[in-house]
Every structure is written in structure tokens, then in C-alpha cells.
Amino acid sequence: MTDDVRNVIIIGSGPAGYTAGLYSARALLEPLMFAGYMSGGQLMLTSDIENFPGYPEGIGGPEMMIQLREQAEKFGLEVQDKNVEKVDFSERPFKVWVEGELFLSKSVIICTGAESIWLGAEGEDEQKGRGISTCATCDGAFFREQEVLVIGGGDSAMEEATFLTRFASKVTLLHRRDVFRASKVMYERAAKHPKIEIKTFSSVKSWLSDDSGLSGAILEDPRDGSTEEISCTGAFIAIGHKPITGFLDKQIETDESGYILAKIHTMTSVPGIFAAGDVVDTRYRQAITAAGMGCQAAMDAEKWLEDQH
Ligand SMILES: Cc1cc2nc3c(=O)[nH]c(=O)nc-3n(C[C@H](O)[C@H](O)[C@H](O)COP(=O)(O)OP(=O)(O)OC[C@H]3O[C@@H](n4cnc5c(N)ncnc54)[C@H](O)[C@@H]3O)c2cc1C
């Protein structure tokens, strides 16, 4: 138990968290960050980022996250590489438990992101961020004139497949059933595209690779277990995202999928608790948008703290 009450605790160390840390440190709020189980966030999983402004040659994901951390620490952000286990937002100061230790804070900024759901097929871990991705906007341009797979049956899968036709020579969309969750218009746009082939009753059993990376997949028909091989150098898994909000134990309002709902700007249903980045974002899910929201949340927290006096 500590008597020390912080101005701001930031939970999560992706682009949203570090930007919130940078802004609140420069506002002299002496922020404390818990970086969590994946210090640096999702970009630690990717090799090249070509769409973050300011890096004309592109930059490696881990390298960018180290730079964001250094920049925020330079202005006074205190970072602990620990995971928040639970919180109590029912009274102020707010309580945050971290590996058995209790921390108190006048405000909290939640930046815990959303995990992509992976298939978990054999050989997947080795090819993550190399040939297998969960973000066509981020990685599509690496697959010019190549054959790629998209896995999924919802709107995101249709959107990713259609987007990838700009680069890929062929896009094969795999779905394990013959009924699609996607809206009719999105499905038809994909189905009519000359570069897209839709294969139903098809799921990935295992990934194949050679010295240069992903080379194909073994597909399985779930009806009878029969298999076939397909070649591809890229694959995009589009079966959904899961926001990391379980540790909040329903203390702030979320939508039915668990994404935090912003009430006034970046403030959540509990005054003094703010949220930024993929944990609130069901639409854009980009480093730059997460960073932008981190800035907004820090400025909102600063203003809110000021208004409390
Ligand atoms: C393979 C891949 C490639 C991508 N490529 C690009 C790209 O090229 N360009 C681009 O703009 N976007 C890209 N993205 C998307 C981008 O990574 C995300 O939009 C961005 O990282 C979201 O930032 P965030 O700060 O909201 O959360 P995240 O980066 O997801 O970070 C969440 C943080 O929360 C922490 N955390 C979670 N639970 C707890 C807890 N209980 N206690 C403490 N901390 C916790 C984690 O440790 C992590 O640090 C890519 C994503 C993936 C998966």
C-alpha cells in the first residue's frame, strides 16, 4: 500500500500509451506507465512500418517503439515493465494493482490495445510479421504481384481482400463455411472482382515455408477432413480483434465486444478515466491514429485534473 497519489497512471505502452506519456510528462504531470506483458505493443511484431509520417525510408516496429519510449522518458515518463492485474475505479483516488502492489492515481489513461485473433495453425508463429499479417493496410504493399490468401468471412475479410487486389496478382479468400457474416454489398464487391477467388469450406491446417519465408498452406475441408496444398507468399488473417479490457472487470462502459466507449472526448463513463488507441477504436487501428488519441487523452486528462481544483 502506498500513500503516494500520482496525477496520471498510463496502462499500456503502444503508440497510444507513449504519446499519452510524452504529452503528460511535458505537462509536468509526472506520469507513471505500466508497460504490460508486451512492452512496446503490437508494433513489436512487425518488421517494417512505411506509413508512419516522418520516416521516408520506413522503420522497424521495435526500433520505432524504442524511440517513442526514449522520447517520452526524456521528458520524465516513468515506465515500469509490469502488468496491471486489476483496478478499482469506484472511488477516488483510483486504485491500480500491479503484481500485488497497490498504486493510487487521480486519473488513469487506458491504452491496452486490441489483440488480433490468429488462427493458431501449425507454423504460424514462425511466419507472423514475415509472411503472415493481420493488417492489409499496414502490410499489403509488401506483396506486389504476389499471390496472397485472406482468411475470414466478415466485412473485414472482404475489405482486406478487395484492398489487396491493388498490389497482389491474385487473392484467394478462404472461409470455413459457405455462409458469410459479411454484408451482401461487401461480399459481392469481393466476389465479382476478377483478381479474387473465394474458396468456401476451406480452413488452414498448416503453413508452409522455405528459405525466403511463407510459401503456401495446407488447406482442409472441415466437412470431410480432405486436404490440398495452395501456394502463396502472403496471408492476411481477418477473423477479428479482441480489445484488452478484461482486467477492468466491467467497471467502465464498453460495447458488446468489449471496446471502451468514449463519453466526452476521450473520457470514459467514469470521470477521470480516459482511454486511447485500439482499445476504443473499432475502425482505424493504426499506429498514427492510436498516437493521435494518446495525445488527446493526455490533454483531456490534464484539463480534467485542472478543473478539479
Ligand atoms: C503485425 C502487425 C503489423 C502492423 N503494422 C502496422 C503498420 O505498418 N502501420 C500502422 O500504423 N499500424 C500497424 N499495425 C497496427 C498497430 O500496431 C496498432 O494500431 C497500434 O499498435 C495500436 O496501438 P495502441 O497503443 O492502441 O495499442 P498496442 O500497440 O496494442 O499496445 C497495447 C499495450 O497495452 C499493454 N497492456 C495490455 N494489457 C495490459 C495490462 N493489463 N497492464 C499493462 N499493460 C497492458 C501491452 O503490453 C501493450 O504494450 C500493425 C499491427 C500488427 C498486429
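For the structure itself, look to the data block above.
Residues numbered from 1 in each chain as written. Predicted model: local features only at pLDDT ≥ 70, side-chain atom pairs only at ≥ 80, totals over all residues. Heavy atoms only, no water.

A few words on the pattern of salt bridges. Under the criterion given, the structure shown has 11 salt bridges. With its nearest N and O atoms 2.8 Å apart, the salt bridge here joins Glu197 to Lys170. Taken together, the positions of Glu197 in strand β11 (residues 196-199) and Lys170 in strand β10 (residues 170-174) put the pair 27 residues apart, joining distant regions of the chain. The partly exposed category is assigned to Lys170, whose relative accessible area is 29%. (Salt bridge = Lys/Arg side-chain N within 4 Å of Asp/Glu carboxyl O. Helix = DSSP H or I, 4+ residues; strand = E, 2+ residues; numbered from the N terminus. Buried < 20%, exposed > 50% of the residue type's maximum accessible area, 1.4 Å probe, protein only.)

The next point concerns the site of the ligand. With respect to spatial proximity, 34 residues lie near the ligand, and among them Met38, Asn51, Val84, Asp278 and Ala287 are the closest. Backbone polar atom of Gly41 to an oxygen atom of the ligand: 3.4 Å apart, as the coordinates give it. With respect to the ligand, the backbone of Asp278 contributes an N or O atom lying 2.8 Å from an oxygen atom. In the complex, 98% of the free accessible area of the ligand, which totals 1000 Å², lies under the protein chains. Of all the secondary structure elements, the ones that give two or more residues to the shell around the ligand are α1 (15-26), α4 (136-139) and α7 (287-307). A class-by-class count of the residues in the shell around the ligand yields 16 nonpolar, 14 polar and four charged. In terms of domain composition, the shell around the ligand takes at least three residues from each of domain 1 (5-115 + 241-307) and domain 2 (118-237). (Near = heavy atom within 4 Å. Polar contact = N/O pair within 3.5 Å; in protein donor to acceptor, adjacent residues only side chain to side chain. Areas by Shrake-Rupley, 256 points an atom, 1.4 Å probe, with all protein chains shown as cover. Nonpolar A, V, L, I, M, F, W, Y, C, P; charged D, E, K, R; others polar. Domains from an automatic or database assignment.)

What follows is about the environment of Ala114. Its location among the elements puts Ala114 in strand β7 (residues 114-116). C-alpha separation for the pair Ala114 and Ser215, spaced 101 residues apart in sequence, amounts to 28 Å. When neighbours within four sequence positions are excluded, Ala114 is seen to be in contact with Gln42, His241, Lys242, Pro243, Ile244, Tyr259, Asp278 and Val279. (Contact = heavy atoms within 4.5 Å.)

By the element assignment, Ala27 lies in the loop between α1 and β2 (32-34). Using a relative accessible area of 23% as the deciding quantity, one classes Ala27 as partly exposed. Separated by 18 residues in sequence, Ala27 and Ile9 place their C-alpha atoms 14 Å apart.

Attention shifts here to the sheet that holds β10. The parallel open sheet is built from five strands, whose spatial order is β8-β15-β9-β10-β11. Edge strands, defined here as strands with exactly one partner in the open sheet, are β8 (132-133) and β11. Both β10 and β11 contribute to a ladder of four bridges, which runs parallel. Across the sheet, the residue bridging to Leu174 is Lys199, located in β11. Helix-sheet contacts for helix α5 (residues 155-164) involve β9 (147-151), β10, β11 and β15 (234-237), and the interaxial angle to β9 is about 170°. (Pairing = 2+ DSSP bridges. Axes fitted to C-alpha atoms, helices over the stretch in contact; angles between N-to-C directions.)

This part takes up the side chain of Arg69. The topology assignment puts Arg69 in helix α2 (residues 61-74). Beyond its immediate sequence surroundings of up to four residues, Arg69 is in contact with Tyr18, Ser39, Val79 and Asp81.

On the surface, a cluster of nonpolar side chains totalling about 190 Å² of accessible area is made up of Ile117, Leu119 and Ile239. Relative to the helices and strands, Ile117 is located in the loop between β7 and α3 (124-127). (Patch = residues over 30% accessible without salt bridge, like charges linked within 9 Å, V, L, I, M, F, W, Y side chains within 5 Å.)

In terms of strand pairing, strand β13 (residues 213-220) meets strand β14 (residues 227-231) through five bridges, oriented antiparallel. Bridging across to β14, Ile218 finds its partner in Glu229.

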